[in-house]
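The primary structure of each chain is shown beneath.
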Amino acid sequence: MLYQAPGRINIIGEHLDYNGGSVIPAGLDLYTWVAAEGQNDRVLQLHFMHQELDITVDLDAVPAMQATGPESYIHAMIRALTEAGYELKGGNVVIGGNLPLGAGMSSSASLETVLGLALIDLCGDTVDGSTLARLCHRAESEFVGVQCGVMDQLAISLAEVRRAILINCTTQQHQQLPFPGRSTFVLAHCGRSRQLADGSLNRRHDGCMTALGLLQQAIPNLRNLAELGVDQLLHHRDLLSEEHFRICRHVVSEVQRVSLACDALKDGEDEDLGRLLNESHTSLRDDYRVSCKELDHTVKLMRQCKGTLGARMMGAGFGGCAIALVRNEMLSDMVVDLRTGLSTAIGSAAWVHTVGSAEPVGRIEYCSETFASRLVS
Ligand code: GLA
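The structure presented is a predicted model; accordingly, all values stated were derived computationally and were not measured. (Residues numbered from 1 in each chain as written. Predicted model: local features only at pLDDT ≥ 70, side-chain atom pairs only at ≥ 80, totals over all residues. Heavy atoms only, no water.)

## Describing the overall build of the protein
The test is simple: Strands here mean DSSP runs of E at least two residues long; helices mean DSSP runs of H or I at least four residues long; both are numbered from the N terminus. In this treatment the radius of gyration is a C-alpha quantity, and the globule benchmark scales as 2.2 Å times the residue count to the 0.38 power. Per-residue accessibility, obtained with a 1.4 Å probe over protein chains only, is compared with the maximum for each type, and a residue is labelled buried under 20%, exposed over 50%, and partly exposed between these values. Any pair of residues with heavy atoms lying within 4.5 Å of one another is described as a contacting pair.
Of the regular secondary structure elements, the protein holds 11 helices and 12 strands. The C-alpha atoms of the protein give 21 Å as radius of gyration, which agrees with the globular expectation for 377 residues (21 Å, within 12%). Taken along its principal axes, the extent of the C-alpha atoms in the protein is 60 × 55 × 40 Å. Looking at the protein as a whole, 56% of its 377 residues are labelled buried. The contacts of the protein with a sequence gap of at least 6 include a subset with a gap of at least 24, amounting to 71%.

## Some points on the nonpolar core
The cut-off we apply is this: We define the nonpolar core as a collection of buried residues of types Ala, Val, Leu, Ile, Met, Phe, Trp, Tyr and Cys that are connected through side-chain atoms lying within 4.5 Å of one another.
By size, the foremost hydrophobic cluster in this structure holds 124 residues, and its most contacted members are Ile 9 and Ile 24. Among the elements that line this core, the one with the most residues is helix α7 (residues 242–267), at 10 residues. Discounting residues that sit within four places of it in the chain, Ile 24 has contacts with Asn 10, Ile 11, Ile 12, Ala 164, Ile 165, Leu 166, Leu 177, Val 258, Ala 261, Cys 262 and Leu 265.

## Topic: the pattern of salt bridges
Stated formally: Here a salt bridge means any side-chain nitrogen of Lys or Arg lying within 4 Å of a carboxyl oxygen belonging to Asp or Glu.
Applying the stated criterion across every chain yields a total of 20 salt bridges. Of the charged contacts in the structure, one is a salt bridge between Arg 237 and Glu 242, with a shortest N-O distance of 3.6 Å. Given the relative accessible area of 35%, Arg 237 is considered partly exposed. By relative accessible area, Glu 242 is classed as partly exposed at 43%. Residue Arg 275 pairs with Asp 272 through a salt bridge whose shortest N-O separation is 3.9 Å.

## Overview of the sheet that holds strand β8 (residues 183–189)
For clarity, the cut-off: A pair of strands is treated as paired once DSSP finds two or more bridges between them. Fitted lines through C-alpha atoms give the axes, limited to the stretch in contact for helices. The angle between two N-to-C directions lies from 0 to 180 degrees.
Strand order in the open sheet made by the four strands is β9-β10-β8-β11, with antiparallel pairing throughout. What marks the edges here is a single partner per strand, and that holds for β9 (308–313) and β11 (352–354). Ignoring which end each strand starts from, the neighbouring axes of this sheet average 20° apart. Across five bridges, β9 lies against strand β10 (residues 321–327) in antiparallel orientation. What sits directly across from Gly 310, in β10, is Leu 325. Across the sheet, helix α9 (residues 293–304) touches β8, β9 and β10, and the angle it forms with β9 is around 175°. Helix α10 (residues 331–346) contacts β8, β9, β10 and β11 of the sheet and is inclined by roughly 15° relative to β8.

## Digging into the pairing of strand β2 (residues 22–39)
Taken residue by residue, a regular strand's side chains alternate between the two faces of the sheet. β2 sits mainly inside the fold: 14 of its 18 residues count as buried. Pairing of strand β1 (residues 2–12) with β2, which is carried by 10 bridges, proceeds in the antiparallel orientation. Along β2, the bridge assignment pairs Leu 2 with Ala 35. Of the strand pairs in this sheet, β2 and strand β5 (residues 90–97) are connected by eight bridges, and their pairing is antiparallel. In the sheet register, Gln 39 faces β5, and the bridge partner there is Gly 90.

## A closer look at the site of the ligand
Keep this limit in mind: Near is defined per residue: the residue qualifies when any heavy atom it owns lies within 4 Å of the molecule or strand. Under this definition, polar contacts are N or O atom pairs within 3.5 Å; protein pairs additionally need one hydrogen-donor-capable and one acceptor-capable atom, and for neighbouring residues in sequence, both atoms have to be side-chain atoms. To measure how exposed things are, a 1.4 Å probe is used in the Shrake-Rupley method; for residues, cover is taken only from the protein chains shown.
Looking at the ligand, there are 13 residues lining it, with Glu 14, His 15, Asp 17, Gly 149 and Asp 152 nearest. Measuring from an oxygen atom of the ligand, one finds a backbone N or O atom of His 15 at 2.7 Å. At a separation of 3.0 Å, an oxygen atom of the ligand approaches a polar backbone atom of Gly 149. Across the complex, the protein chains shield 97% of the 310 Å² of accessible surface that the ligand would expose by itself.

## Here's the deal with the packing of helix α8 (residues 270–286) against α9
The condition is simple: Orientation categories follow fixed angle ranges, with anything under 35 degrees roughly parallel, anything over 145 roughly antiparallel, 65 to 115 roughly perpendicular, and all other angles oblique. A clockwise turn of the near helix away from the far one marks a right-handed crossing, whereas an anticlockwise turn of less than a right angle marks a left-handed crossing.
In contact at an axis separation of 12 Å, α8 and α9 are set at 160° when each is read in the N-to-C sense. Regarding the angle of α8 to α9, the classification is roughly antiparallel. The hand of the α8/α9 crossing is left-handed. Facing α8, whose interface residues are Asn 278, His 281 and Arg 285, α9 presents Asp 296, Val 299 and Arg 303.

## With respect to the environment of Gly 347
Locating Gly 347 in the fold gives a position in the loop between α10 and β11. In this structure the C-alpha to C-alpha distance between Gly 347 and Arg 194, which are 153 residues apart in sequence, comes to 19 Å.

## Some words on the packing of aromatic side chains
Note the following rule: Any Phe, Tyr or Trp ring, taking Trp's six-membered ring, that has another such ring centre within 6.5 Å forms a pair; planes under 30 degrees apart are called stacked, those over 60 apart edge-to-face, and the others tilted. To sit over a ring, a charge needs its Lys NZ or Arg CZ within 6 Å of the ring centre and within 35 degrees of the ring normal.
Under the defined criterion, the tally for this structure stands at two aromatic pairs. Each ring, one from Tyr 31 and one from Trp 33, has its centre 6.3 Å from the other, and the planes form 20°; the classification is stacked. Accessibility assignment for this pair places Tyr 31 and Trp 33 in one class, buried. Of note, Arg 79 hangs over the ring of Phe 143, and the distance from its end group to the ring centre comes to 4.4 Å.

## Notes on unusual backbone geometry
Despite not being glycine, Gln 172 shows a phi value in the positive range, around 65°. Mapped onto the elements of the fold, Gln 172 is located in the loop between β6 (163–168) and β7 (174–178). Take Gln 172: its relative accessible area is 22%, and that puts it in the partly exposed class. The phi angle at Phe 318 is positive, at roughly 60°, despite the residue not being glycine. Mapped onto the secondary structure, Phe 318 falls in the loop between β9 and β10.

## Digging into helix α3 (residues 129–144)
In an α-helix, one full turn covers 3.6 residues, which means residues spaced three or four apart are oriented alike. Convention followed: Each residue after the first adds 1.5 Å to the expected span of a helix.
Between its first and last C-alpha atoms α3 spans 21 Å; for 16 residues at 1.5 Å apiece the expected length is 22 Å, and the two agree. Listed as buried for α3 are Ser 130, Leu 132, Ala 133, Leu 135, Cys 136, His 137, Ala 139, Glu 140, Ser 141, Phe 143 and Val 144. Where the residues of α3 are buried, they touch α1 (69–83), α2 (107–122), α4 (151–157) and β7. Where α3 begins, the capping side chain belongs to Asp 128, and its oxygen is found 3.1 Å from the backbone nitrogen of Ser 130. Just downstream of α3 lies Gly 145, where phi reads positive at about 95°.

Set out below in structure tokens:
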């Protein structure tokens with residue numbers, strides 16, 4: 001059997017998921033693929049193509065977690081599924097894909113999702129998208145140890161063709177939104193990679209929890225930072241250090257931008273959406289401080305290209321990708337200009353991707369020839 005899960009873009013709502021806010025991600029037309037066949041024993045043989053890595057897991061003795069690498073995600077998923085009551089079976093699993101790793105497009109959540117789906121299918125069970133997302137999120141936060149929110153896993157599990165998803169990360173209620181019609185998203189890798197499990201996301205998460213604790217001394221019913229009003233933040237500014245104040249100011253302002261972006265998508269106001277992307281980048285760079293010089297430069301190059309309505313860093317930050325919204329009639333020129341400028345800046349061929357229609361998570365009949373040819377070799 002063959003399975004796929006897309007990656008994800010995040011249109012807006014950065015670092016809001018673990019603060020209880022709403023976010024607007026969408027599926028990305030780059031995938032993780034799994035080919036799996038079951039066996040009647042308790043041993044899983046996995047081959048991870050990206051790193052030519054073979055992993056054998058005895059389902060009765062899943063090792064303790066490791067800090068990084070694909071093994072940690074595989075062990076984590078097996079533990080999350082087993083603890084949720086799935087009676088997993090042994091088998092052979094090959095994992096591949098065309099979604100760049102460590103680039104802010106949720107390759108880890110995509111891997112968790114497709115592997116979870118395949119292992120559940122192999123044991124003859126079924127799962128709905130929201131439940132699968134929760135299992136994957138538990139695997140990543142509890143077992144791998146990354147204090148991420150649930151955005152990536154929900155975005156991937158619930159992705160639909162040419163739809164963005166407004167997700168309330170407190171209630172996990174979600175609503176499909178239209179994609180911009182007159183413009184297209186373009187991604188570019190800034191040339192510096194990052195790993196989620198490296199602790200940078202955990203440090204921002206801890207900063208938010210400290211700020212929340214300080215504010216709760218004065219506002220006891222405040223459940224999360226996304227609920228904080230601008231007036232409340234200004235009124236209680238003295239409780240916070242400058243760093244914690246800026247963290248909160250990013251959250252409060254990004255909450256407002258998500259709400260405006262939701263209207264812009266519904267109304268087809270692409271120019272407004274572009275402006276909000278620009279504002280989001282400023283806030284992530286100056287207040288939340290998760291950008292880096294490579295991301296700032298990529299965003300600057302994107303904005304210099306004719307046809308760009310707005311651009312910002314995307315995902316956790318500290319490297320990875322930036323996202324731009326570009327008028328359709330200028331798209332091909334913009335991509336050429338961006339590729340040229342970025343390649344010069346990073347000194348090697350730049351990775352630039354025009355976002356197309358992402359297929360949802362699920363079982364598939366065919367996959368790319370590159371992946372298929374490796375299965376038979
Ligand atoms: C990473 C995390 C997400 C989210 C983003 C920032 O992608 O996995 O949960 O926090 O960073 O918005």
